[in-house]
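# Fold and geometry: a report
Now for the letters of each chain:
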Amino acid sequence: MRGTTVPPGTPCPPPRAGELPMHRLEVPAPPAPPFAVGTFDEVGPLSRAEFPHRHTFHELVHVTGGTGAHVVDLTRRPLRPPHFGVITPGQVHQWAGVRGLTGHVVLFTDDFLLDHPADRELLRRLSEQPWLELDARADAAVTRLIADLVEEHRRGEESVLRALVHVLVVRAGRLLGTPPPAPAGAVAAEFARLAGRPDLGLWSVSAHAERIGVTPGHLTEAVKAATGRTAAQLLREARTREAQRFLLRTDLTVRQVATRVGFADPAYFCRFFRRETGLSPGDFRRGGEKHHN
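None of the values given here were measured: they were computed from a predicted structure. (Residues numbered from 1 in each chain as written. Predicted model: local features only at pLDDT ≥ 70, side-chain atom pairs only at ≥ 80, totals over all residues. Heavy atoms only, no water.)

## A closer look at empty space enclosed by the protein
- Considering all chains together, one arrives at two cavities of 30 Å³ or more under this definition.
- There is about 50 Å³ of room inside the largest cavity.
- Around the largest cavity, the lining residues are Leu194, Ala195, Arg197, Pro198, Gly201, Leu202, Trp203, His208, Leu235 and Ala238.
- Of all the secondary structure elements, the ones that give two or more residues to the lining of the largest cavity are helix H5 (186-195) and helix H8 (231-249).
- Taken together, the residues of the lining of the largest cavity sort by class into seven nonpolar, two polar and one charged.
- Of the volumes computed, that of the second largest cavity is approximately 40 Å³. (1 Å grid on protein atoms, 1.4 Å probe; cavity = no way out; pocket = protein on both sides within 12 Å on 5 of 7 lines; lining within 4 Å. Points joined across faces, edges and corners; volume = space filled by probe spheres on them. Helix = DSSP H or I, 4+ residues; strand = E, 2+ residues; numbered from the N terminus. Nonpolar A, V, L, I, M, F, W, Y, C, P; charged D, E, K, R; others polar.)

Quick look at the structure:
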């Protein structure tokens, strides 16, 4: 995916005023796969950044030790290792007051999931749940799988890496009681991927349909068949979630937030936000995280 990976050592581009840093995955030049695995120390300080930021890639986190908290979007979760968690592209997250953090992170872009595209939807579902607190048996199983990933990454066996990531994602879904999604058509799968990328600025069904290359009617039917929900409903939720991120994690004005999520009229944005959340943008910002913990 264009712009999701960069050569090692490439600095993050400065964000626009009031926005959040966007981290991209560092990989050697092709044919290296868009994948990385290592301890927090091996991956580097950005793997435990204490400032709000986003990724262009998926991050699977196995925390084996440490204190503090992890904040994803609007929710703060205390660390009680061992943990397993999922962060998907576009989510805002940060580590808060962490000390002695140990464990591994597994990083990969959407492109890496070509063999198992349904894993994208499962990862999205997992990212919306609290991080899993692993018992001894589950922790040992995750540890073995990540050790296998480290070994196969050293060997450069991309096909085996893809298979192992699939196994890790499916088993995480089992542990959290989240079954794999029913197979979805290519159109619905692409819609789900794009809807999870708020940085693209696609806020309408018609904009998504044009990007995918289908009619709005066909997109609506495909998404409804695959998810049981309408594309418009899913986009309203995505738009609201992105506005909440800006209100809580940046100092942008309400007018600026409205513009960032595609509203030319701030008054209409305020009505939309109140209808979706029950709060005005100002009340939501003043209330902060207490509404979501």
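## Concerning helix H6 (residues 205-212)
- Residues of H6 that are buried include every one of Val205, His208 and Ala209, and no others. Projected onto a plane normal to the axis of H6, the buried residues spread over an arc of 100 degrees and lie on a single side.
- Where H6 is buried, its residues meet H5, helix H7 (216-227) and H8.
- Gly213 sits one or two residues past H6 and shows a positive phi near 95 degrees. (Buried < 20%, exposed > 50% of the residue type's maximum accessible area, 1.4 Å probe, protein only. Arc of directions from axis to C-beta. Contact = heavy atoms within 4.5 Å.)

## A look at a positive patch on the surface
- A cluster of basic side chains, namely Arg137, Arg144, Arg171 and Arg174, defines a positive patch on the protein surface.
- Put simply, the parts of the chain that give the positive patch at least two residues each are helix H3 (136-155) and helix H4 (158-175).
- Its place among the elements puts Arg137 in helix H3. (Patch = residues over 30% accessible without salt bridge, like charges linked within 9 Å, V, L, I, M, F, W, Y side chains within 5 Å. Areas by Shrake-Rupley, 256 points an atom, 1.4 Å probe, with all protein chains shown as cover. Salt bridge = Lys/Arg side-chain N within 4 Å of Asp/Glu carboxyl O. Lys, Arg positive; Asp, Glu negative; His and termini not counted. Charge placed at Lys NZ, Arg CZ, Asp CG, Glu CD.)

## Some details on the environment of His62
- Among the secondary structure elements, His62 is positioned in strand S6 (residues 58-72).
- In the structure, His62 is positioned 43 residues away from Glu19 in sequence and 28 Å away in space, judged by C-alpha atoms.
- The residues contacting His62, other than those within four sequence positions of it, are Phe40, His83, Phe84, Thr102, Gly103, His104, Leu134, Asp139, Val142, Thr143 and Ile146.
- Within polar-contact distance, the side chain of His62 engages the side chain of Asp139 at 2.7 Å. (Polar contact = N/O pair within 3.5 Å; in protein donor to acceptor, adjacent residues only side chain to side chain.)

## Focus: the layout of surface pockets
- Volume-wise, the largest pocket comes out at about 1300 Å³.
- Of all the secondary-structure elements, those providing two or more residues to the lining of the largest pocket are S6, strand S7 (75-78), helix H2 (119-127), H5, H7 and H8.
- When residues of the lining of the largest pocket are assigned to their parent elements, the largest contribution, eight residues, is made by H8.
- The residue inventory of the lining of the largest pocket, partitioned by class, reads 21 nonpolar, 13 polar and 15 charged.

## Let's talk about the pairing of strand S8 (residues 83-87)
- Extensive coverage of S8 is indicated by the burial of five of its five residues.
- Neither face of S8 is left uncovered, since the one carrying His83, Gly85 and Ile87 and the one carrying Phe84 and Val86 both have all their residues buried.
- Sheet analysis places S6 next to S8, joined by five bridges and oriented antiparallel. Opposite Leu60, over in S8, you have Val86 as the bridge partner.
- Direction of pairing for S8 relative to strand S10 (residues 132-133): antiparallel, over a ladder of two bridges. Pairing of Phe84 across the sheet is with Leu132, part of S10. (Pairing = 2+ DSSP bridges.)

## Observations regarding the environment of Glu50
- Considering the arrangement of structural elements, one finds Glu50 in the loop between helix H1 (40-43) and strand S5 (54-55).
- Judged by relative accessible area, Glu50 falls into the partly exposed class, the value being 42%.
- Glu50 sits 21 residues away from Val71 along the chain, and the two C-alpha atoms are 9.4 Å apart.
- Not counting chain neighbours up to four residues away, the residues in contact with Glu50 comprise Gln94, Trp95, Gly97, Val98 and Arg99.
- Polar side-chain contacts of Glu50 include one of 3.4 Å to the backbone nitrogen of Val98.

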